[in-house]
Amino acid sequence: MPKKYLLIVDNDDEIRQQLVNELTDLTQMIIVSASDGVQAYQKTKNQKFDVVVTDFHLPKISGVQLVAALRETSNNVNTPIIFYTKEIEEAKTETRGVKGIEYMEKPTSYDVLSNKIK
């Protein structure tokens, strides 16, 4: 079975590392992480991801700008994106009409998040 790739984007080092640690076991995916939207975008230019989990408020470029950039890459034009954020309503408002986006409120259990990813 081919390995699946998950990109985790969060500027909080502790939250990002916790997500990587927990989701590696739960999802059995290869996890790549980024601390801001620019880093995340750079990682998506040459790599196809099966799922992207990202915070909404990111340094350098916003979650909305990241989604727009991902949708312009040939590798990740249809990649499902999960906004894992405290700003659910704002995220929903600003990404209305964009396909392939789910929303989960921080914090949530890693089991629930891993099930959503799968």
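Look above for the structure.
Our subject in this report is the structure included herewith. The shown structure was predicted, so the numbers you read here are calculated from the model rather than taken from an experiment.

Our next topic: the overall build of the chain. Of the regular secondary structure elements, the chain holds five helices and five strands. The order of α-helices and β-strands along the chain, N terminus first, is β-α-β-α-β-α-β-α-β-α. In terms of overall dimensions, the chain is globule-like: its C-alpha atoms have a radius of gyration of 13 Å, near the 13 Å expected for 118 residues. Within the chain, contacts between residues separated by at least 24 positions form 62% of all contacts whose residues are at least 6 apart in sequence. Per element, the accessible surface of the chain, about 6500 Å² overall, is 47% carbon and sulfur. Each charge class in the chain can be summarised by its mean position, and for the 15 positive and 17 negative side chains these summaries are 7 Å apart.

Moving on to the packing of aromatic side chains. Evaluated as defined, the whole model comprises two aromatic pairs. The interplanar angle of 75 degrees and the centroid separation of 5.4 Å between the aromatic rings of Phe56 and Phe83 together place this pair among those described as edge-to-face. In this pair, Phe56 sits in the loop between strand S3 (51–54) and helix H3 (63–72) while Phe83 sits in strand S4 (residues 81–85), placing the two residues 27 residues apart along the sequence. The exposure classification of Phe56 matches that of Phe83, with both residues buried. Measuring from ring centre to ring centre gives 6.1 Å for Phe83 and Tyr103, while their planes differ by 15 degrees; the resulting arrangement is stacked. Placement of Phe83 in strand S4 and of Tyr103 in strand S5 (residues 101–105) is noted, with a sequence separation of 20 residues between them.

To continue, consider the side chain of Thr44. Locating Thr44 in the fold gives a position in helix H2 (residues 37–45). Exposure remark for Thr44: the relative accessible area of 0% places this residue in the buried category. Residues in contact with Thr44, not counting those within four places in the same chain, are Leu7, Phe49, Leu70, Thr73, Asn75 and Asn76.

Before going further, it helps to spend a moment on helix H1 (residues 13–27). In a regular helix each residue adds 1.5 Å, so 15 residues correspond to 21 Å; H1 covers 20 Å between its end C-alpha atoms and thus fits that length. Taken together, the buried positions of H1 are Arg16, Leu19, Val20, Leu23 and Thr27. All buried residues of H1 lie within an arc of 100 degrees about the axis, which places them on one face of the element. Seen from the open side of H1, the exposed residues pointing more than 90 degrees away from its buried face are Glu14 and Asp25.

Okay, the environment of Gln42 next. Turning to its location among the elements, Gln42 is positioned in helix H2. Given a relative accessible area of 47%, Gln42 falls into the partly exposed group. Each C-alpha atom of the pair Gln42 and Asn115 lies 27 Å from the other, and the pair is 73 residues apart in sequence.

All right, on to H3 then. Working note: α-helix, 3.6 residues per turn, so residues spaced by three or four point in the same direction. By the burial criterion, the buried members of H3 are Gly63, Leu66, Val67, Ala69, Leu70 and Arg71. As for H3, its buried residues are in contact with strand S1 (5–9), H2, S3, S4 and S5.

Thresholds applied
- Residues numbered from 1 in each chain as written.
- Predicted model: local features only at pLDDT ≥ 70, side-chain atom pairs only at ≥ 80, totals over all residues.
- Heavy atoms only, no water.
- Helix = DSSP H or I, 4+ residues; strand = E, 2+ residues; numbered from the N terminus.
- Rg over C-alpha atoms; globule rule 2.2 N^0.38 Å.
- Contact = heavy atoms within 4.5 Å.
- Areas by Shrake-Rupley, 256 points an atom, 1.4 Å probe, with all protein chains shown as cover.
- Lys, Arg positive; Asp, Glu negative; His and termini not counted.
- Charge placed at Lys NZ, Arg CZ, Asp CG, Glu CD.
- Phe/Tyr/Trp six-rings, centres within 6.5 Å; stacked < 30°, edge-to-face > 60°.
- Buried < 20%, exposed > 50% of the residue type's maximum accessible area, 1.4 Å probe, protein only.
- Expected span 1.5 Å × (residues − 1).
- Arc of directions from axis to C-beta.

In short, the description is geometric, and any link to function would need to be established separately.
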